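Results of the structural survey
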Amino acid sequence: MSALRADAGQWHDLPGLRTFRSERFRLLVAATLALLGVAMSVLLFVVLSRGEPPWLFDYQAYDAASERLLAGSSPYLAAQLDGPVDAVCDGCYLYPPTLAQVTAPLALLPLPLAKAVWFGLLSLAALASTWLATGIGGAPRSLERLLWCFVATAFFVPTFHSNYYGNVGSLLALATVAVALGG
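Here is a short report on the structure shown in this document.

To continue, consider the environment of A30. Tracing the chain through its elements places A30 in helix α2 (residues 23-48). On a C-alpha basis, the gap between A30 and C89 in space is 41 Å, while along the polypeptide they are 59 residues apart.

Rendered as structure tokens:
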């Protein structure tokens with residue numbers, strides 16, 4: 001047995017830490033943290049929704065691009081087609097036309113509903129990418145794994161931030177994990 005493994009065994013026997021040997025206790029901790037993560041996300045959402053820019057600000061550009069595409073024109077603004085524009089262009093659609101095609105069905109919905117659906121899809125993509133990545137790492141499929149994936153997703157503020165503004169970060173994470181799976 002290596003010295004590192006022997007030290008790990010000693011830590012595992014400390015009071016407070018040895019309770020994590022119990023699957024029931026680990027599930028309780030994970031479920032509690034998952035609920036706390038949801039509460040934190042809701043609180044952040046409420047606080048941020050009163051500020052500028054509005055929630056799913058980036059998605060609004062995707063929605064407008066999808067509407068233009070559905071009307072039979074380019075998803076890009078006329079200014080973008082006329083010449084170079086700034087990398088950060090308010091209201092500009094900055095992605096390949098494929099994303100506008102994928103989000104086109106959402107453009108048929110009222111904007112607040114489309115935003116809610118997009119936020120939900122991004123949140124599911126973040127959770128799915130975490131679930132799949134932990135599977136690549138060798139974690140067995142279980143309720144405990146699902147709860148810990150939920151905790152990791154809920155408490156990783158950059159994920160919330162990306163989803164709140166409607167950015168494609170969670171979709172890119174899912175695509176990256178899909179590549180890592182060997183597709």
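Still to come is the rest of the account.
One finds L56, Y59, Y62, A65, Y93, L99, A100, L106, A114, W118, L122 and V168 forming the largest nonpolar core, which totals twelve residues. Leave out the neighbours within four places in its chain, and A114 touches Y59, D63, L106 and L109.

Before going further, it helps to spend a moment on the environment of G83. Mapped onto the secondary structure, G83 falls in the loop between α4 (78-82) and α5 (97-102). Put simply, G83 and A116 are 33 residues apart on the chain and 34 Å apart in space, counted from C-alpha to C-alpha.

With that settled, the discussion passes to helix α7 (residues 111-136). When the terminal C-alpha atoms of α7 are compared, their 37 Å separation across 26 residues agrees well with the 38 Å that a helix rising 1.5 Å per residue should span. For α7, every residue scored as buried is listed here: A114, K115, W118, L122, A125, A126, L127 and S129. Contacts made by the buried residues of α7 are with α3 (57-70), α5, α6 (104-107), α8 (143-155), α9 (157-164) and α10 (169-180). Residue G138 follows α7 closely and has a positive phi angle near 100 degrees.

Locating T153 in the fold gives a position in helix α8. With a relative accessible area of 13%, T153 lands in the buried category. Leave out the neighbours within four places in its chain, and T153 touches A126, L127, T130 and T159.

With that settled, the discussion passes to the pattern of salt bridges. Any two side chains of opposite charge can pair, on the condition that their charged atoms come close. Within this structure, the stated rule accounts for one salt bridge. Close ionic contact of E144 with R26 constitutes a salt bridge, the shortest N to O distance being 2.6 Å. Linking E144 in helix α8 with R26 in helix α2, this pair joins segments that are 118 residues apart in sequence.

The subject of this paragraph is the environment of S129. With respect to the secondary-structure elements, S129 resides in helix α7. Judged by relative accessible area, which is 7%, S129 ranks as buried. Once residues lying within four places of it in the same chain are set aside, the contact partners of S129 are A173, L174 and V177.

With their axes 9 Å apart at the nearest point, α7 and α8 run at an angle of 125 degrees to one another. Between α7 and α8, the interaxial angle falls into the category oblique. Our pair here, α7 against α8, has a crossing hand that is right-handed. Listed contacts from α8 to A126, L127, T130, W131, L132, T134 and G135 of α7 are R145, L146, C149, F150, A152 and T153.

Given two aromatic rings, their pairing is described by the distance between the two centres and the angle made by the two planes. For the structure shown, the criterion picks out nine aromatic pairs. Between Y62 and Y93, the aromatic rings sit 6.4 Å apart at their centres with planes inclined by 85 degrees, giving edge-to-face as the arrangement. Residue Y62 is located in helix α3, and its partner Y93 is located in the loop between α4 and α5; the two are separated by 31 residues in the primary sequence. By relative accessible area, Y62 is classed as buried at 2%. Here Y93 falls in the buried class, since its relative accessible area comes to 0%. An angle of 80 degrees between the planes, with centres 5.4 Å apart, marks the rings of Y62 and Y95 as edge-to-face. One end of the pair, Y62, is in helix α3; the other, Y95, is in the loop between α4 and α5, with 33 residues separating them in the sequence. Among the aromatic residues, ring-to-ring pairing joins Y59, Y62, Y76, Y93, Y95 and W118 into one connected group.

What counts, and at which threshold
Residues numbered from 1 in each chain as written. Predicted model: local features only at pLDDT ≥ 70, side-chain atom pairs only at ≥ 80, totals over all residues. Heavy atoms only, no water. Helix = DSSP H or I, 4+ residues; strand = E, 2+ residues; numbered from the N terminus. Core = buried A, V, L, I, M, F, W, Y, C linked by side-chain atoms within 4.5 Å. Buried < 20%, exposed > 50% of the residue type's maximum accessible area, 1.4 Å probe, protein only. Contact = heavy atoms within 4.5 Å. Expected span 1.5 Å × (residues − 1). Salt bridge = Lys/Arg side-chain N within 4 Å of Asp/Glu carboxyl O. Axes fitted to C-alpha atoms, helices over the stretch in contact; angles between N-to-C directions. Parallel < 35°, antiparallel > 145°, perpendicular 65-115°, else oblique. Left-handed = near helix turned anticlockwise from the far one by under 90°. Phe/Tyr/Trp six-rings, centres within 6.5 Å; stacked < 30°, edge-to-face > 60°.

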